[in-house]
Amino acid sequence: MLKTLVNRVVGFAGARIVNAHWGPCGFLPALRKLARTGWAPAQIVDVGAWQGTWTLECRTLFPQARSLMVDPLPENRAALTELSARMPGLTTWSGALGARSGELLLHRHADQSSPLRAAVPEWRAAETITVPMRTLDSFVESGEIQAPQLLKADVQGYELEVVRGAEAVLRSLDAVLLEVSFRELYEGQPLAHDVVGHMASVGFRLFDICSYAQGADGELLQSDFLFVRCDWPAPRGSHG
């Protein structure tokens, strides 16, 4: 009752009082819920790694985990290479992950670069580049990494293609963190309900909504969804 009254007052200034333990709080608190069960991934894959920021944050929670950082942009290659050389357990690959191996045309627009053409006019790419593409399964099949337990993909509308290239890896994964959109930002991209449906079809359920972003019109735009396998937290043995 008191919170409702306060919200009515501060609402005139565009503010709102919320419970600090409710609602989107970021990916680390969401992963911390999993860690409280004793879960500790031995191998993590960060797709759309940029310059390693997410991997470094995740490492504060799982310092013993090995991590593969994947990013297609040439300007991020040096930072990721330096980071992997400096920190044991980190490796990097410069390219894109998708449903097949080969090459991929990337539409470049700052940090919104995507294999899909932007539906938002101001995001339209000024240039395109061709980058190598592999499946996540190929990294495990070749022995370059062990089967991962945690996958994160933030690749501007191409997240389900990453998942489709991880058909074998899905058997080892416990958790998958995906950026999803509620409005079409890239032409033909799957929206949030498509992503939830596809993940359900491969054995994963929505565990937490880690973040959300609104557009200039106040409409919900994007979120980070954390999925866990449908039988979570049934024990599956050690991941060490």
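Rules of the game
Residues numbered from 1 in each chain as written. Predicted model: local features only at pLDDT ≥ 70, side-chain atom pairs only at ≥ 80, totals over all residues. Heavy atoms only, no water. Phe/Tyr/Trp six-rings, centres within 6.5 Å; stacked < 30°, edge-to-face > 60°. Helix = DSSP H or I, 4+ residues; strand = E, 2+ residues; numbered from the N terminus. Buried < 20%, exposed > 50% of the residue type's maximum accessible area, 1.4 Å probe, protein only. Lys NZ or Arg CZ within 6 Å of the ring centre and 35° of its normal. Contact = heavy atoms within 4.5 Å. Pairing = 2+ DSSP bridges. Salt bridge = Lys/Arg side-chain N within 4 Å of Asp/Glu carboxyl O. Axes fitted to C-alpha atoms, helices over the stretch in contact; angles between N-to-C directions. Arc of directions from axis to C-beta.

A. The arrangement of the packing of aromatic side chains in detail. Within this structure, the stated rule accounts for six aromatic pairs. Between W93 and F139, the aromatic rings sit 5.5 Å apart at their centres with planes inclined by 75 degrees, giving edge-to-face as the arrangement. Pair noted here: W93 is in strand β3 (residues 90-94) and F139 is in helix α5 (residues 136-141), with a separation of 46 residues, a long-range link. On the basis of relative accessible area, F139 is assigned to the buried category, the value being 2%. Pairwise contacts between aromatic rings join W39, F62 and W232 into one cluster. In this arrangement the basic side chain of R134 is found over the ring face of W93, its NZ or CZ atom lying 5.7 Å from the centre. One cation-aromatic arrangement involves R134 over F139; the distance from NZ or CZ to the ring centre is 3.7 Å.

B. Region of interest: unusual backbone geometry. In the segment running from W232 into P233, the intervening peptide bond is cis, with an omega of 5 degrees. Relative to the elements of secondary structure, P233 occurs in the segment after β10 (220-229). Even without being glycine, Q156 reaches a positive phi, approximately 55 degrees. For Q156, the position within the fold is in the loop between β7 (150-153) and α6 (159-164). Among the residues examined, Q156 registers a relative accessible area of 9% and is labelled buried.

C. Molecular detail of the environment of L61. Along the chain, the position of L61 falls in helix α3 (residues 53-61). A C-alpha to C-alpha distance of 8.3 Å links L61 and L31, two positions 30 residues apart in sequence. Ignoring any residue separated from it by four or fewer positions in sequence, one finds L61 in contact with L28, L31 and R32.

D. Spotlight on the sheet that holds strand β4 (residues 96-97). The three strands are arranged β4-β6-β5 in an open sheet whose pairing can be described as mixed. Two strands in the sheet have a free side with no partner beyond their single neighbour: β4 and β5 (102-108). In the sheet, β5 pairs with strand β6 (residues 127-134) via seven bridges, with the strands oriented antiparallel. Across the sheet, the residue bridging to G102 is M133, located in β6.

E. Looking closely at the pattern of salt bridges. Using the criterion set out here, one finds twelve salt bridges in the structure. For R134, the salt bridge is made with E144, and the minimal N-O distance between the two is 2.6 Å. With R134 in strand β6 and E144 in the loop between α5 and β7, the pair connects residues that are ten residues apart, well separated along the chain. For E144, a relative accessible area of 46% puts it in the partly exposed group. Connected via shared salt-bridge partners are E75, R108 and E127.

F. Region of interest: the sheet that holds β10. Reading across the sheet, the seven strands line up as β3-β2-β1-β7-β8-β10-β9 and stay open at both edges, with mixed pairing between neighbours. Looking at which strands have only one partner, the edges of the open sheet turn out to be β3 and β9 (204-214). Direction aside, the axes of adjacent strands within the sheet are offset by 15 degrees on average. In terms of strand pairing, strand β8 (residues 175-181) meets β10 through seven bridges, oriented antiparallel. Looking at β10, one finds that V180 is bridged to S223. Across the sheet, helix α4 (residues 74-86) lies against β2 (66-71) and β3, angled at about 160 degrees from β3, the strand it touches most. On the sheet, helix α7 (residues 192-201) packs against β8, β9 and β10 and is oriented at approximately 155 degrees with respect to β8.

G. Looking closely at the pairing of β6. Of the pairings in the sheet, the one linking β4 to β6 comprises two bridges and is parallel in character. Residue A96 lies in a different strand from β6, and its bridge partner there is M133.

H. Here's a closer look at α4. Among the residues of α4, those classed as buried are N76, L80, L83 and S84. All buried residues of α4 fall inside an arc of 95 degrees around its axis, so they share one side. For α4, the exposed residues set more than 90 degrees away from the buried face come down to A78, A85 and R86. Close packing links the buried residues of α4 with α3, β2 and β3.

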